[in-house]
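Overview (structure and organization)
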Amino acid sequence: MPQKSIAFLFFIPFLLFSFAWEQVKISPNVSVAFPKKPEKKIIEGKEIWIAELDSTVKMFVVITDFEKQGVDAKKMAELLKKAKTYTDLKNGFVLGAGNAVALKDSICTFKGKPAYYLKMDMRGEKEDLNKSQLMNVFVGAKMYGLWFLEKNGTSHEAEKLKFWNSLAIK
């Protein structure tokens, strides 16, 4: 019995290490946790952080700075009061995803900020990451898109919530 207890004690640090997520500062006042160090890219002028949990899950954060498009924080606040803004966002996401279909969307608040939730079926091949859930959180004139992609037939609700809930805004 003591040998099993000793072996278990050596296993505990492995468990703690394997489940430790890394909080990453993605802008001066915002950070998000990833299951491992994300890769940072700039695509079409947008900062993107990408990490995989395993072969069935990918998560990433995209920052869209609307000030670069001439929309300051005051104007953004006005736009977010209009349902058309969210319809335009949804149509843009679905169109940008190619063959995708929106399954569910909602205008909400997240961490006390205006937000927009969108769930899509990406309609790819069976082995692709076909389920997409996106939480867009608006802070000033920036939109922080927290994307969670998973393979059909899998469920990672706890990991999605951990990822989304790790969003820290100062």
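Before any of the text, the structure's been laid out above.
What comes next is a walk through the structure. (Residues numbered from 1 in each chain as written. Predicted model: local features only at pLDDT ≥ 70, side-chain atom pairs only at ≥ 80, totals over all residues. Heavy atoms only, no water.)

1. Re the pairing of strand 1 (residues 22–27)
This is how the line gets drawn: Any two strands with at least two DSSP-identified bridges between them are counted as paired. Segments assigned H or I by DSSP are reported as helices when at least four residues long, segments assigned E as strands when at least two residues long, and all are numbered from the N terminus.
As defined by bridge partners, strand 1 adjoins strand 2 (residues 30–34) across five bridges and the pair is classed as antiparallel. Bridge pairing in strand 2 places V24 opposite V32. Turn length for the strand 1-strand 2 hairpin, with the two strands adjacent in sequence and antiparallel, is two residues.

2. Considerations on the sheet that holds strand 7 (residues 113–121)
The following threshold applies: An axis is simply a line fitted to the C-alpha atoms; with a helix, the fit covers only the stretch in contact. Between two such axes, the angle follows the N-to-C directions and lies from 0 to 180 degrees. Residues count as neighbours in contact if any of their non-hydrogen atoms are within 4.5 Å of one another.
As summarised here, the arrangement of the seven strands in space is 3-4-5-9-8-7-6, forming an open sheet in which the pairing is antiparallel. In this open sheet, the two edge strands, each paired with only one partner strand, are strand 3 (39–43) and strand 6 (101–110). On average, each strand axis in the sheet is inclined to that of its neighbour by 20 degrees, with strand direction left out of account. Across five bridges, the pairing between strand 3 and strand 4 (residues 46–54) is antiparallel. The partner of K41 across the bridge, within strand 4, is I48. Here helix 3 (residues 83–96) sits on the sheet and contacts strand 6, strand 7, strand 8 (131–139) and strand 9 (142–150); the angle it forms with strand 7, its principal contact strand, is near 35 degrees. Helix 4 (residues 157–165) rests against strand 4, strand 5 (57–65), strand 6, strand 7, strand 8 and strand 9 of the sheet, and its axis sits at about 165 degrees to strand 9.

3. Notes on the side chain of S132
Note the threshold: Between buried and exposed lies partly exposed: a residue is buried under 20% and exposed over 50% of the maximum accessible area for its type, with that area taken using a 1.4 Å probe on protein chains only.
Along the chain, the position of S132 falls in strand 8. For S132, a relative accessible area of 1% translates into the label buried. If sequence neighbours within four positions are ignored, S132 has contacts with L118, K119, M120, M122, W147, F148 and L149.

4. Brief notes about helix 4
For the record, the criterion: Working note: the arc is built from the helix axis to C-beta atom directions.
Within the sequence span of helix 4, burial applies to K160, F163 and W164. Looking straight down helix 4, one finds that the buried residues subtend no more than 95 degrees of arc, so they occupy a single side. Where helix 4 is buried, its residues contact strand 2, strand 5, strand 6, strand 7, strand 8 and strand 9.

5. Topic: the environment of I43
Locating I43 in the fold gives a position in strand 3. Of the residues examined, I43 reaches a relative accessible area of 38% and is grouped as partly exposed. Sequence separation between I43 and V62 is 19 residues, and the spatial gap between their C-alpha atoms is 9.4 Å.

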